[in-house]
Structure formats: structure tokens, C-alpha cells
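In case you want the letters, here they are:
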2 protein chains.
Amino acid sequence: MDREYKLIEYIHNFFNDQKKDLIIGPGDDCAVFKIDKKLLLFTVDEIMEDTHFLMKFSSPSNLASKITRASVSDIYSMGKALPKICLISAGFPSNLSDRWFKEFLMAIKKECSYFNMDLAGGNMVKADKLHIAMTVFGILKGNRIIMRSGAKPGDLLYGIGFMGNAKAGLEILMKRKRKNEVYEKYLIDSFWKPVIFKDESAIISNYATSMLDNSDGLYKSLEIISKINNVKIEVELNEKMAGKYLLKWANNSRRDWREYVINGGEDYNLIFSIRSKYKDLIEKKVPNVYQIGKIEKGNGINIKNWNGKIKNFKHF
Amino acid sequence: MDREYKLIEYIHNFFNDQKKDLIIGPGDDCAVFKIDKKLLLFTVDEIMEDTHFLMKFSSPSNLASKITRASVSDIYSMGKALPKICLISAGFPSNLSDRWFKEFLMAIKKECSYFNMDLAGGNMVKADKLHIAMTVFGILKGNRIIMRSGAKPGDLLYGIGFMGNAKAGLEILMKRKRKNEVYEKYLIDSFWKPVIFKDESAIISNYATSMLDNSDGLYKSLEIISKINNVKIEVELNEKMAGKYLLKWANNSRRDWREYVINGGEDYNLIFSIRSKYKDLIEKKVPNVYQIGKIEKGNGINIKNWNGKIKNFKHF
């Protein structure tokens, strides 16, 4: 994983001499391309068998939801934005049945319809292991791009959506015995079909100074914000970040919910900063946001009520 | 392969109720999306280890050229068009060296620069087998979209670029002993770094009634044109289709060049139809085009000087 991050940084530096119409290149949630006065958004994501999912746990509809939401999430994290079309490139093992394909396509269509976009094209290859890559093209409404950079000392850090739920869901999925409690079902659903804040992100975008989708866990997101903006982040964990289902499951199975919030992954909730003067306004306009911490001068991350380990999220 | 074509047809039908701004959805070389008065082009392609290439024969630079050209080719086959940005999603085995990655990125940058586009983003996953998917976004200059449909009885069928060269190149690549002749090198290059007719396609687009890139061999392309346009195609094979290198290799190794032209694949040359009145004009303006045949009323394909077998191209 560390090598991967190094390589990604190398790529960002290597491709930073881009042309004028490519306003944002590799390195943010989306690339932004300007045409006439319109801002176009582009992002690609991929899920891979045995890395992101195991076939025996995965229905075609699960996989369709997961790849669509992972991809579309990046569009909404760039501001007041609408996904428009997607393209899929996938490698399929030859033993998948026609029924499998039909279920998968049906689910992709349903997801596309939910996000009001069209499947515009695709490509199929034969592969030993299933993998599905989705490119999404979206359009920014207006001119306000919310990047990962833009947070300043004095800003407040906020979140919307539960964190650590997908990690807990994955653990439940891997267990042989389940209790079939409502909270188990909710957490598994969070892994396969994460909530995307498509309406809330449009309102948040009026105030956010920076934003990203939390795909690699809170700690990784904090690292990104701190590094890109050259700021210190003071964080205080609170139960709103976990949500009632993770709290209940953690309590019943003797886990520390904070471990899941911090070292989670694949949650796709939004993390954003605002000027402190908008605190009351944002909490009134979008009641399910919660404060994560404060942006301060300096470097690094300080989490007040936690001294556990930082681990990278292991998919499988 | 047959199952793949059936599945693709199913997908085209299943996703044909697209929104108004998606002018062309799945089924042509590119999807076309209309924004204000601009026409945007989208395409995705993928190469997969052990299906499209073997690691032991493939340098990072070979793979970069192949995926870029396979993808960009679809943009030029839609008319007077310019690729603008690309996004890569790739699965990499963990044993690839840093040097491998750097060579790959360097080659991608070089290819992007040749086609005057930028790498806008990407995604990396860990995979047992290497696969590289590239989405290209391009812009149509003007309003003339050249689709696969549009050919009418009375039109003439034309081509530009050699056919069967990639198939021959692949065979040479797989052989232990090579003669190191110029024609061998040329054919191998045709497999890795196919010629893309970026300037010629802009001129051809002024006259073409239909066009596609010949990625699955001449016979498959003829089938597509015949079926989509509901026409009969009369074809006469000629040596211009093969080019001097394939002719020489075929002659020296006792192969029938026509077999390669008809059952080839991964050539990415262009095949297009024109009104017969433009015959002299197109041959004057783009001297390296050649006539393939005639479009007539009826159905099916008739190849005058050939009665061999039709096979689908086997990548590996």
C-alpha cells in the first residue's frame, strides 16, 4: 500500500504539465476539463475479485451497486455536480452464466437511473478473475470547484455519512455465523451499496472550502487534507461519525467503534471544511452533518480521544 | 466469441432508451454526448494479459502504445475529431518493478503527446494478471458524426491502412526463430504500435457516409456494415489491403496474405463508405486509400477472389 501511494504521487508529479483546458489533472477526486464555459468532470474506479470482493459473497447486483457508487461518489465530491454518463470496461471469467450477466446489467441500469445517468459504452475482455472499471463523466453546475485543497487555518472540518460501516460490514460478511440482526444487514449493505449524498453535496458545496470522499478511512483522509493544505488538524471522535448500527454491532461484538471510523475504508461519505462563520448555517441546512475537528496552523493530525494504531484498510 | 457478440447485442438493446443528450449510446465506435452545441466523444478499450498479450513478449512501452492506439482509434473513426484526455484503470501484479512503471508512464506520456491529449486521471488495483483499460474523451470538430450506419446501395467501400499486419506480427512474435528482416520488424510493430490515421481521417470524414475502425478483421467489419445498413457488400481483395511487408512475409513463409486480411484483428485501420461520385476526389485528396468493394441492395457479403474459411481472430 505504501508503495502504491508513492507511485500515485510520482504519477501526479510526472503528469503535472497539463494543457490549459485540463484545469485539474490526476490527484483530486475528479479531473476537470473546461470547454467553452462548462466544467466537465471525469473519474474512474475499479473493483477487482479477491482484492475488493470474493465471488462467493457477491451477487451481480452487489457488484453493480458497489462500482457505480464508488465511481459516482467522486463526481459529487467536486461540488454541485451531476453525473451524466458512464462507461464500463470489465474482464469476465467465462464460467459466468447468462443469468449472471442479465442480473448485472439490470442492476447497472437501476443504479444509472438512480443517479440519472446513462451507460454510454463499454468493453469486455475474457479474464480469470472478474474486474469491473467504471469511468463517469459529469458536469459541474456553475463555476465553483471544490478541491481537496482550499482548507485554511481557522476552518472547521465536517463530515456527512457514517464511517467504518463498510469495514464492519465486510467483517460480518466474512463470518460464517451471523445473528441476522437489523444492524448486521445495515452494515453489510453499507459495504455493497454505500449511501451517496447526492442532494446534500449540492448544498454543502455552497459553503465548503475543500472536500473529498472518504474512500480510504478517516485517518487517510485527514492525512491527505493535512498534507495538501499544509495544515494541522485537531480531531475529536464522536459517535455521530459511526452511526447507531456500527455502535450497536461494536458494542455487541466487543469492538472499538473508533478503530473502524479511523481505519475504515470504502465508505464514500463526504469530508469537507468550511469557514467557521458557516457553522450554524450548515448545521441548519443539512442537519445530518457533524463536526470532525478544526483546521489549525502547523502540521500533522492530533486525535484527542484516541491513541490506537493506524492501519491501512485491508480489502480482503 | 460468439457468445460475446450475442451479449454485446443484448447490451445495445437493453440500454437503447437513452436520454436526449446522449446522441449515440453503446454500439458504435464512440458514444456521443451533446452539450450546448458541442459533440463530445467517449470510448473505452482494454488489453488483458494472456488474452491480448503475454508478459514475456511485452515491454511496458509496447503495452502503452497498444492500449493508447486501440482507444484513440475509435475517436478518429467518428469523424473530424480530436482526442482530449484519457483515464487509465489498471490492475498490476505486485512483482512489477519501479523501473517497469516508470517506463510505462514515460511511454503513456509520449503517446499522449503524439495524439495531443492529456492523462487526466487513473486508478490502480492489485491483480494477478496485468490489465489496462483506457477511456478516451474527445471532441468532434463541427457537427458531422460518421457512424457505422449511413452506407447506402450505390456507395463504394474504401479502406486506409494495411490489414492483417497485426495478426502476422503476432505470429512472428510467438516464433522462437526470426529472420530479423525489415518486414518482420514492421509487422511486429504493427501489432504493438498500429498506425493511426489521425490526419487522413479528418479529410475522409468530409466524404464518408459510414466509418469504423477495423479492430476485429475485415470479415467482421463487413458483417457489421452489412447488418447495420441492411445492404449487400461485393468485395474484391487486392494487394494494397495487405501492404508490401505482409506480402513479402506471406510469400517467404508460404502463407496466403488474403487469409490475414480477412481473418486479422487489432489493425485499427479505417474502413468507410463514400458516395460513388467522390471516388476520384477521395483518391486524389488521400492517395493511400484503396477501394474494397461496392455497397449493393440485398444482404450478405460476397468476396469474389476468395473461398477460404472465416475464423475469428484469436488474440493468444
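Residues numbered from 1 in each chain as written. Chains lettered and ligands numbered in written order. Predicted model: local features only at pLDDT ≥ 70, side-chain atom pairs only at ≥ 80, totals over all residues. Heavy atoms only, no water.

Draft legend 1. Examining the overall build of chain A more closely. Each helix and strand counted, chain A has 10 helices and 12 strands in total. When the 316 residues of chain A are sorted by exposure, 58% land in the buried category. (Helix = DSSP H or I, 4+ residues; strand = E, 2+ residues; numbered from the N terminus. Buried < 20%, exposed > 50% of the residue type's maximum accessible area, 1.4 Å probe, protein only.)

Draft legend 2. Structural context of the side chain of A:Ser71. Note that A:Ser71 resides in helix α2 (residues 60-76). Among residues more than four places away in sequence, those in contact with A:Ser71 are A:Thr43, A:Asp45, A:Met134 and A:Val136. (Contact = heavy atoms within 4.5 Å.)

Draft legend 3. Examining the relation of the copies chain B and chain A more closely. Mapping chain B onto chain A calls for a rotation angle of 180 degrees and an axial translation of 0.0 Å; the resulting RMSD is 0.0 Å. These values place the two chain copies in the arrangement generated by a two-fold rotation axis. Relative to the rotation axis, the C-alpha of B:Thr135 is the closest in chain B, positioned 3.6 Å from it. When you check the interface residues of chain B against chain A, 100% turn up at the interface there too, and the contact is symmetric in its surfaces. (Least-squares fit on C-alpha atoms with pLDDT ≥ 70 in both.)

Draft legend 4. Seen up close, the nonpolar core. In terms of nonpolar packing, the biggest core is built from 82 residues, with B:Phe92, B:Ile132, B:Leu237, B:Leu246, B:Trp249, B:Val261 and B:Ile292 touching the most fellow members. Not counting residues within four places of it along the chain, the set of residues in contact with B:Trp249 comprises B:Ala168, B:Glu171, B:Ile172, B:Tyr183, B:Leu187, B:Arg255 and B:Tyr260. Formed by 81 residues, the second largest nonpolar core is a distinct cluster that contains A:Tyr76, A:Phe101, A:Leu119 and A:Ile271. (Core = buried A, V, L, I, M, F, W, Y, C linked by side-chain atoms within 4.5 Å.)

Draft legend 5. Layout of the state of the cysteines. For the structure shown, the criterion picks out zero disulfides over all chains. The thiol of A:Cys86 is unpaired, and the distance to the nearest cysteine sulfur, on A:Cys112, comes to 3.7 Å. (Disulfide = S-S within 2.5 Å.)

Draft legend 6. Seen up close, the interface of chain B and chain A. Across the contact, 64 residues belong to chain B and 64 residues belong to chain A. Counting the surface lost from both chain B and chain A, the interface buries some 5400 Å², and carbon and sulfur atoms represent 66% of this. Interface area lost by chain B to chain A is led by B:Arg3, B:Phe15 and B:Met124, which between them contribute 11%. Viewed at the interface, chain A and chain B are joined by 11 salt bridges. Across the salt bridge formed by A:Lys129 and B:Asp128, the nearest N and O atoms sit 2.4 Å from each other. At the boundary of chain B and chain A, one finds 18 residue pairs in polar contact (both at pLDDT 80 or more). For the side of chain B that touches chain A, the secondary-structure elements that each account for two or more residues are α1 (2-14), β2 (31-35), β3 (38-48), β4 (81-92), α3 (98-114), β5 (118-126) and β6 (131-140) of chain B. When its residues are assigned to classes, the side of chain B that touches chain A shows 33 nonpolar, 14 polar and 17 charged. (Buried area = accessible area lost by both parts, 1.4 Å probe. Salt bridge = Lys/Arg side-chain N within 4 Å of Asp/Glu carboxyl O. Polar contact = N/O pair within 3.5 Å; in protein donor to acceptor, adjacent residues only side chain to side chain. Nonpolar A, V, L, I, M, F, W, Y, C, P; charged D, E, K, R; others polar.)

Draft legend 7. Structural context of the sheet that holds strand β3 (residues 38-48) of chain A. Residue and element names in this part refer to chain A. One open sheet holds the six strands; their spatial order is β1-β2-β3-β6-β4-β5, and the pairing between them is mixed. The sheet terminates laterally at β1 (22-24) and β5 (118-126), the two strands that pair on one side only. Strand after strand, the sheet turns through a mean of 25 degrees between neighbouring axes, direction not considered. By the bridge criterion, 10 bridges tie strand β4 (residues 81-92) to strand β6 (residues 131-140) in an arrangement that is antiparallel. Its bridge partner being in β6, Gly-91 is matched across the sheet by His-131. Each of β3, β4 and β6 is contacted by α2, which is oriented at about 145 degrees to β3, the strand it contacts most. (Pairing = 2+ DSSP bridges. Axes fitted to C-alpha atoms, helices over the stretch in contact; angles between N-to-C directions.)

Draft legend 8. Highlighting the environment of B:Lys152. All names here are of chain B. Topologically, Lys-152 is positioned in the loop between β6 and β7 (156-160). You can call Lys-152 partly exposed: its relative accessible area is 49%. In sequence terms Lys-152 and Lys-297 are 145 residues apart; their C-alpha atoms lie 8.2 Å from each other. With sequence-adjacent residues up to four places away left out, Lys-152 is seen in contact with Arg-275 and Ile-295.

Draft legend 9. The arrangement of the pattern of salt bridges in detail. Summed over the entire model, instances satisfying the criterion amount to 39 salt bridges over all chains. Among the ionic pairs, A:Lys84 bridges to B:Asp21, the shortest N-O distance being 3.9 Å. Placement of A:Lys84 in strand β4 and of B:Asp21 in the loop between α1 and β1 (22-24) is noted, with the two residues assigned to different chains. Across the pair B:Lys220 and B:Glu223 runs a salt bridge, and its minimum N-O distance is 3.4 Å. Taken together, the positions of B:Lys220 and B:Glu223, both in helix α7 (residues 218-229) and three residues apart, correspond to about one turn of that helix. Relative accessible area serves as the criterion here: at 15%, B:Lys220 is assigned to the buried category. Bridged by salt links that share partners, the residues A:Asp50, A:Lys129 and B:Asp128 form one connected network.

Draft legend 10. Structural view of the side chain of B:Ser58. Residues and elements named next belong to chain B. Within the secondary structure layout, Ser-58 lies in the loop between β3 and α2 (60-76). We classify Ser-58 as buried; its relative accessible area is 9%. In this structure the side chain of Ser-58 is engaged in a polar contact, spanning 2.5 Å, whose partner is the backbone oxygen of Leu-54.

Draft legend 11. Main features of α2(B). Compared with the 24 Å implied by 1.5 Å per residue over 17 residues, the 25 Å span of α2(B) between its first and last C-alpha is a close match. Counting buried positions over the 17 residues of α2(B) gives 16, a clear majority of the element. (Expected span 1.5 Å × (residues − 1).)

Draft legend 12. Broad picture of unusual backbone geometry. The residue B:Asp36 is not glycine, and still its phi comes out positive at about 50 degrees. Its location among the elements puts B:Asp36 in the loop between β2 and β3.

Draft legend 13. Structural context of helix α4 (residues 165-174) of chain A. All names here are of chain A. Counting buried positions along α4 yields eight of 10 residues, so the element is predominantly enclosed. Restricting attention to buried positions, one finds in α4 the residues Asn-165, Ala-166, Lys-167, Ala-168, Gly-169, Leu-170, Ile-172 and Leu-173. Close packing links the buried residues of α4 with α5 (182-192), α8 (243-252) and α9 (257-263).

Draft legend 14. Just the packing of aromatic side chains, in detail. In this structure the tally under the stated criterion is 36 aromatic pairs over all chains. Relative to B:Phe42, the ring of A:Phe42 lies with its centre 6.3 Å away and its plane at 35 degrees, an arrangement referred to as tilted. Of this pair, A:Phe42 sits in strand β3 while B:Phe42 sits in strand β3, on two different chains. The interplanar angle of 70 degrees and the centroid separation of 6.0 Å between the aromatic rings of A:Phe92 and A:Trp100 together place this pair among those described as edge-to-face. Like A:Phe92, the residue A:Trp100 is buried in the burial classification. (Phe/Tyr/Trp six-rings, centres within 6.5 Å; stacked < 30°, edge-to-face > 60°.)

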